[in-house]
Amino acid sequence: SNGTNNQIFNNVCYGNHDAGILCQFGCINTLIYNNTCYGNLGTNGEAGIHAGSTGHVTATWKNNVCYGNGTVGGGGDYHVSSPAVVTSDYNLSGDGTATGAHSLTNTNPIFLNQNIADFRLGSLSSALAAGTSTAPTVTTDILGLSRPQGSAYSMGAYDKSYARTPLNFYVA
């Protein structure tokens, strides 16, 4: 993206050739809140969420979940290239690239089933109620449910926890 005062929230980005969310070419005051990025390849060194080195970039990242990104190009879950300036906190990364005092690093978000692109949070996810308020920008999750569903905002595009439905097999 480029431009001023962009708002990127409640997105699920997965399986992309490069970055899940790429902010460069003069993104000024861009808010990147409550997104889930998984399995983006990062073939050009990008990450799940990437603030690029092309043009002046300022951004704020909060309540995002990035896991398993940059597997080809090595960009990782989050990456900031100079001269981009990013304020980041309350994010989760599987590889330790999330920054900020309240971010969760080297953490599995416990998706219900990423193999079938079900990125809802499981009931044991560390991302549940681990975020911070992003109101008035974000007041609902990707499904339109009001935030927060628990005691605090959850990280990622989904705010509510979900339990897996057990499969019952009967042998006759």
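Here is what the cut-offs are and how they apply
- Residues numbered from 1 in each chain as written.
- Predicted model: local features only at pLDDT ≥ 70, side-chain atom pairs only at ≥ 80, totals over all residues.
- Heavy atoms only, no water.
- Helix = DSSP H or I, 4+ residues; strand = E, 2+ residues; numbered from the N terminus.
- Rg over C-alpha atoms; globule rule 2.2 N^0.38 Å.
- Buried < 20%, exposed > 50% of the residue type's maximum accessible area, 1.4 Å probe, protein only.
- Contact = heavy atoms within 4.5 Å.
- Areas by Shrake-Rupley, 256 points an atom, 1.4 Å probe, with all protein chains shown as cover.
- Phe/Tyr/Trp six-rings, centres within 6.5 Å; stacked < 30°, edge-to-face > 60°.
- Pairing = 2+ DSSP bridges.
- Axes fitted to C-alpha atoms, helices over the stretch in contact; angles between N-to-C directions.
- Disulfide = S-S within 2.5 Å.
- Salt bridge = Lys/Arg side-chain N within 4 Å of Asp/Glu carboxyl O.
- Core = buried A, V, L, I, M, F, W, Y, C linked by side-chain atoms within 4.5 Å.

> Whenever I open this one, the overall build of the protein confuses me. Can you help?
Helix and strand counts for the protein come out as 0 helices and 16 strands. In summary, the protein has a C-alpha radius of gyration of 16 Å against a globular reference of 16 Å for 172 residues, a match within 12%. Dimensions along the principal axes, computed over C-alpha positions, put the protein at roughly 65 × 35 × 25 Å. When the 172 residues of the protein are sorted by exposure, 44% land in the buried category. A sequence separation of at least 24 residues applies to 63% of the contacts in the protein between residues at least 6 apart. By element, 51% of the accessible surface of the protein is carried by carbon and sulfur atoms, the whole surface being about 8100 Å².

> Is there a simple way to explain the packing of aromatic side chains in this structure?
Each pair of aromatic rings is reported with the distance of its centres and the angle of its planes. Using the criterion set out here, one finds 7 aromatic pairs in the structure. Centre to centre, the rings of Y38 and F111 are 6.0 Å apart; their planes meet at 85°, and the pair counts as edge-to-face. In this pair, Y38 is assigned in strand β7 (residues 36-38) and F111 in strand β14 (residues 111-113), connecting sequence segments 73 residues apart. Owing to a relative accessible area of 4%, F111 belongs among the buried residues under this scheme. The interplanar angle of 45° and the centroid separation of 5.4 Å between the aromatic rings of Y38 and F119 together place this pair among those described as tilted.

> What am I meant to see in the sheet that holds strand β12 (residues 85-89) here?
Within a beta sheet, neighbouring strands are joined by backbone hydrogen bonds and run either parallel or antiparallel to one another. Across the sheet, which stays open at both edges, the 4 strands sit in the order β2-β6-β9-β12 with parallel pairing between neighbours. Both edges of this open sheet fall to β2 (7-9) and β12, since each of them pairs with a single strand only. On average, each strand axis in the sheet is tilted by 10° relative to the strand beside it, whichever way the strands run.

> Help me understand the sheet that holds strand β15 (residues 118-122) in this model?
Taken in spatial order, the 3 strands of this open sheet run β14-β15-β16, and their pairing is mixed. Two strands bound the open sheet, and with one partner strand each, they are β14 and β16 (161-162). Sheet topology places β15 next to β16; 2 bridges connect them, and they run parallel. Paired with G122 across the bridge in β16 is Y162.

> Explain the state of the cysteines here, please?
Cysteine pairs can be covalently joined through their sulfur atoms, and such a bond is termed a disulfide. Tallying each qualifying case throughout the model produces 0 disulfides. No disulfide involves C37; its nearest neighbouring cysteine sulfur is the one of C66, lying 4.2 Å away. By relative accessible area, C37 is classed as buried at 0%.

> Got a minute to help me understand the pattern of salt bridges in this structure?
A side chain with one charge may pair with a side chain of the opposite charge, provided their charged atoms come close. Counted by the stated rule, this structure contains 2 salt bridges. As a salt-bridge pair, D159 and R147 come within 2.9 Å of each other at their nearest N and O atoms. With a gap of 12 residues between them, D159 in the loop between β15 and β16 and R147 in the loop between β15 and β16 connect regions that are remote in the sequence. For the residue pair D159 and R147, the accessibility class agrees, reading buried in each case.

> Sorry, what's going on with the nonpolar core here?
Here is a general trend for soluble globular proteins: nonpolar side chains tend to be buried in one another's company. Grouped together as the largest cluster of nonpolar side chains are 16 residues, with contacts concentrated most on I21, I32, C37, I49, V57, W61 and Y78. Among the elements of the structure, β4 (21-23), β8 (49-51) and β9 (58-62) are those that each provide at least two residues to this core. Setting aside anything within four residues of it in sequence, one finds Y78 in contact with A47, I49, W61, N64, V65, C66, N91, L92, S93, T97 and A98. Counting residues in each nonpolar core, the second largest holds 10 residues, with Y90, L121, A127 and M155 among its members.

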